[in-house]
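Notes for the structure review
Chain by chain, the residues:
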Amino acid sequence: MNPQNPVFIPGPTNMPEAVRLACHMPTMDHRSPAFADILHPCLDGVRHVLKSESAEIFIFPSTGTGGWEAALSNTLSPGDTVLAARNGVFSHRWIDMCQRHGLDVQVVEVPWGRGIDVAAYEEALRADTGHSIKAVLATHNETATGVKSDIAGVRRALDAAGHPALLLVDGVSSIGSMDFRFDEWGVDVAVTGSQKGFMLPAGLAILGISEKAVRAGATATLPRTYFDTADMSKGYAANAFPYTPPVGLMNGLKMSCGLLLDEGLENVFARHHRMAEGVRRAVDAWGLELCAETPEVYSDSVSAIRTPAGFDATDIVTVAARDYDMAFGVGLGEVAGKVFRIGHLGALTDAMMLSGLGVAEMVMVDLGLDVTLGSGVAAAQDYYRHGNAQQKAAAE
Ligand SMILES: *Cc1c(COP(=O)(O)O)cnc(C)c1O
């Protein structure tokens, strides 16, 4: 891979130079007061990015997967029932983790390419009159299929059923790039990681936890030590961790929160929408289709693009890397070989997106697909020209 080229995988994402430099710092004593100047801006910054006033923020040296585990083990007890939808590899893995933790998962199967079936959730919650379901799991953005789900709708389903279950949301590939409203949606636990919207290397699991979830944690008995939020809270109160914090990554997180908040969250979301829409116009011009079935579920952080039957979509990723030093995402699980993915989240601009679309187009022509050179790029250019001017005008 040529490091001059941006990556178009849905995480890890490209790093802004300021974030990379912020991570690159000399060793410091993490028990010195100087660490407080890194820790507290990170906690406050993440809370703002989640659009929350009061969520407790936790940062663990881990990845999104560790964040899932922290979400479960701090709120639930062995044998508890949870309700979850499976519509791609990431929701599938979280369900698998629940099962391995001895939870009883009520799975709502959803065709890959569709969002969470909110009506099926409401039905399951209404049927659970004894309130044995303790948590509802929702993957906000299925990174495998490029499908966004309606978290506000899941909250409405819980409220309509008058059900007290906690709402645990995987926002790993949405938070920091797509609108996420912790307070407004009544989210109890939000999970993300450092290497997607936050534009950092992998290495941090980042969680927001509601007061209600903290109370549930007081009696939850799943085993936890490394991921115990109560231990972490005590550490934070003393400007420290219960163990050694990853200081450089956290200094990077402080910077990336600053960049996101300086750009303005709504501008960040609009930029992601614009980049994504350019990619969608290109896909349309290529005569291809998204895995996401309908516009209301289109993800603004990743597009999974179906290739014609009989063609191995993974070849696109292989040839792009081999011949053009450019990284795209392969299809995962049920859609392996059937889709390739273009990640369009993090530190990306219209100009960078055009380079990715240009290479994807060359690779498809090289592989004999019926795609015309320049067709997708032109469609995206046409959209970016107008979108960019409008957005700049709106910002002034
Ligand atoms: C990337 C991702 C994860 C897993 O995160 P890791 O950091 O790889 O452990 C979980 N959920 C979603 C939706 C993701 O995109």
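What comes next is a walk through the structure. Please read all numbers here as calculations on a predicted model, not as lab measurements. (Residues numbered from 1 in each chain as written. Predicted model: local features only at pLDDT ≥ 70, side-chain atom pairs only at ≥ 80, totals over all residues. Heavy atoms only, no water.)

**What about the site of the ligand?**
Note the following rule: We call a residue near a molecule or strand when any one of its heavy atoms sits within 4 Å of it. Counting of polar contacts relies on pairs of N or O atoms within 3.5 Å, with two restrictions inside protein: one atom must be capable of donating a hydrogen and the other of accepting it, and residues adjacent in sequence are counted only when both atoms are side-chain atoms. Each helix is a run of H or I in the DSSP string that is no shorter than four residues. Each strand is a run of E no shorter than two, and both are numbered from the N terminus.
In the vicinity of the ligand, the contacting residues are Thr 63, Gly 64, Thr 65, Trp 68, Phe 90, Asn 141, Thr 143, Asp 170, Val 172, Ser 173, Gln 195 and Lys 196. At 2.9 Å from an oxygen atom of the ligand is found a main-chain nitrogen or oxygen belonging to Gly 64. Gln 195 is positioned such that a nitrogen or oxygen atom in its side chain is 2.7 Å from an oxygen atom of the ligand. With three residues, the single largest contributor to the shell around the ligand is helix α3 (residues 64–73).

**Digging into the sheet that holds strand β12 (residues 329–330)**
Stated precisely, the cut-off is as follows: Following DSSP output, two strands are said to pair if at least two bridges run between them.
Sheet architecture is open: four strands sit in the order β10-β11-β13-β12, paired in antiparallel fashion. What marks the edges here is a single partner per strand, and that holds for β10 (289–290) and β12. With two bridges connecting them, β10 and strand β11 (residues 302–306) associate as antiparallel partners. Opposite Glu 289, over in β11, you have Arg 306 as the bridge partner.

**Examining the sheet that holds strand β8 (residues 189–193)**
The cut-off we apply is this: Every angle, taken between N-to-C directions, lies between 0 and 180 degrees, and every axis is a line fitted to C-alpha atoms, over only the stretch in contact when it is a helix.
Here we have seven strands laid out as an open sheet, ordered β1-β9-β8-β7-β4-β2-β3, and mixed in their pairing. The open sheet is flanked by β1 (56–61) and β3 (104–109), the only strands paired with a single partner. Strand-to-strand twist across the sheet, computed as the mean angle between neighbouring axes with direction ignored, equals 20°. Note: strand β7 (residues 166–170) against β8, three bridges, orientation parallel.

**Thoughts on helix α6 (residues 151–160)**
It helps to recall that an α-helix has 3.6 residues per turn; residues three or four apart then point in one direction. What counts here: Type-normalised accessible area, obtained with a 1.4 Å probe on protein chains alone, sets the label of each residue: buried when under 20%, exposed when over 50%, and partly exposed for intermediate values. Contact definition: two residues touch when any of their heavy atoms are within 4.5 Å.
Residues of α6 that are buried: Ile 151, Gly 153, Val 154, Arg 155, Ala 157 and Leu 158. On its buried face, α6 is in contact with α5 (118–127), β4 (133–139) and β7. Put simply, Asp 150 is the residue that caps the front of α6, since its side-chain oxygen is 3.4 Å from the backbone nitrogen of Ala 152. Note on α6: the residue one or two positions beyond its end, Gly 162, has a positive phi of about 60°.

**Comments concerning the pairing of strand β13 (residues 339–343)**
Strand residues, when the strand is regular, have side chains that alternate between the two faces of the sheet. Burial analysis of β13 places five of its five residues in the buried class, the great majority of the element. Along β13, one buried face is formed by Val 339, Arg 341 and Gly 343 and the opposite face, lined by Phe 340 and Ile 342, is buried too. In this structure, β11 lies alongside β13, joined through five bridges in antiparallel fashion. Note that in β13 the partner of Arg 306 across the bridge is Val 339. In this sheet, β13 lies alongside β12 in antiparallel orientation, the contact comprising two bridges. Pairing of Gly 329 across the sheet is with Arg 341, part of β13.

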